[in-house]
Every structure is written in C-alpha cells, then in structure tokens.
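# Observations on the three-dimensional arrangement
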Amino acid sequence: METSDNILYMDAVLTPNASLSPRAFAVIMTLVGVFSFAAGILYLTVGAWPVFGFFGLDALAIWYAFRLSFRAQKQETRITVDAETVRLRHAQSGRAYKDVSLPTAFVRVELDEPVTLQSWLRIEHRDRAFIIGRFLTPDERRSFANALRTAIRRARMERYPTGG
C-alpha cells in the first residue's frame, strides 16, 4: 500500500514557559543590586565592613541562579507524526540534538494516572521509553497526550485504513 510521506498528523514543539522577560530580569536585578548596595553601605557606616561584601555575593548568587534558569528554558522537543514514523528531536542549550525515529504502528503514549506534577508523559516502543514534556503542567500533559494519541491513531488509519 502506498502512503503519503508528506502528510504530518502532528508537528509540535514543546518548550518551557519563560519565567521572566529580559526586561523584567533587568528590572529585578537592578532592584536587587540597589537594595544590596544600600544595605551594604548601611552596614559599612556602622563598622560591619565584611557584610558589604556578602551583600555583593548574594546579588551575584541571585544573578547566577537566574542565568541557570534561563539556560534550562532553552530546551525544546519537536515531535512529528506521519504514517510511517513518530520522530522526536530534543535540543538543550549547549548540547547536541538527540533524534529518535519510531514506527508509528508500534508506539504507545503513556501518562501516569492520576496526572500530577510527578506523572511522566512517555512515548514507548518495545522496552524503550522516552519521557517528554517534563516542564508541562498536569493539564498540559493530559491535553498533549490526548492530542498525540489522536495524531498517532489518524496516522495509523492512513497506513492501515481497514483498522488492521
């Protein structure tokens, strides 16, 4: 049976929600810097000069924590579904892409029930499982799992129109 390779039943990109815009980050870091400097000067005037340096270290630690958070937000998972394959492509900041192609006819979409923050959304094939969307909320995981199952079911119907 001939299938159409160019029909995509799903082409989704999952990315974490951004916690702050660059402008909001600049505003927050400015406030932290001004507060740390002012509090440090206050302690400096009463003779507790080592505290001034610790306020600077606190501001630096806050900045570094935000930078780590922003780096973690630069990940994405692209999922495409056609009649032949389910393709996963995961990218993280500073790392190589991870690509996986699985046969559409034999993949399963599993979501731990009840859906909580600890529930994993997995695409399974044989004895391998690929966890996707760790950063999604429980409702987003449920919604995406349903959409992915629907796309796979429609792709299988193209390839096996009689349901077999």
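Look up: the structure comes first, before these words.
A brief report on the enclosed structure follows. None of the values given here were measured: they were computed from a predicted structure. (Residues numbered from 1 in each chain as written. Predicted model: local features only at pLDDT ≥ 70, side-chain atom pairs only at ≥ 80, totals over all residues. Heavy atoms only, no water.)

## Some thoughts on the sheet that holds strand β4 (residues 98-103)
Overall, antiparallel pairing links the 4 strands, which are arranged β1-β2-β3-β4 in an open sheet. Looking along the sheet, the strands with just one partner apiece sit at the ends: β1 (10-14) and β4. The sheet shows a mean angle of 10° between the axes of neighbouring strands, direction not considered. Judged from the 6 bridges that link them, strand β3 (residues 85-91) and β4 form a sheet pairing that is antiparallel. Bridging across to β4, R87 finds its partner in S101. (Pairing = 2+ DSSP bridges. Helix = DSSP H or I, 4+ residues; strand = E, 2+ residues; numbered from the N terminus. Axes fitted to C-alpha atoms, helices over the stretch in contact; angles between N-to-C directions.)

## Examining the layout of surface pockets
For the largest pocket, the calculated volume is near 350 Å³. Forming the walls of the largest pocket are 15 residues, and the residues nearest its centre are T77, H90, I131, I132 and R134. Among the secondary structure elements, those contributing two or more residues to the lining of the largest pocket are β3, β4 and β7 (128-132). Here the lining of the largest pocket is composed, by residue class, of 6 nonpolar, 5 polar and 4 charged. Taken as a whole, the second largest pocket encloses approximately 190 Å³ of empty space. Lining the second largest pocket we find A18, L20, S21, P22, R67, F70, R71, Q73, K74 and S93. Considering only residue class, the lining of the second largest pocket consists of 4 nonpolar, 3 polar and 3 charged. (1 Å grid on protein atoms, 1.4 Å probe; cavity = no way out; pocket = protein on both sides within 12 Å on 5 of 7 lines; lining within 4 Å. Points joined across faces, edges and corners; volume = space filled by probe spheres on them. Nonpolar A, V, L, I, M, F, W, Y, C, P; charged D, E, K, R; others polar.)

## Some points on helix α3 (residues 138-159)
In this model α3 runs 32 Å from its N-terminal to its C-terminal C-alpha over 22 residues, within 8% of the 32 Å that 1.5 Å per residue would give. Residues P138, R141, F144, A145, L148, A151, I152, A155 and E158 constitute the buried set of α3. One face of α3 carries all of its buried residues, which in axial projection span an arc of 160°. Buried residues in α3 make contact with β1, β2 (76-81), β3, β5 (108-111), β6 (121-125) and β7. (Expected span 1.5 Å × (residues − 1). Buried < 20%, exposed > 50% of the residue type's maximum accessible area, 1.4 Å probe, protein only. Arc of directions from axis to C-beta. Contact = heavy atoms within 4.5 Å.)

## Considering helix α2 (residues 49-72)
Between its first and last C-alpha atoms α2 spans 36 Å; for 24 residues at 1.5 Å apiece the expected length is 34 Å, and the two agree. Every buried residue belonging to α2 is among F55, A59 and F70, and all of these are buried. Where the residues of α2 are buried, they touch α1 (22-45).

Keep in mind these numbers describe shape, not what the thing actually does.
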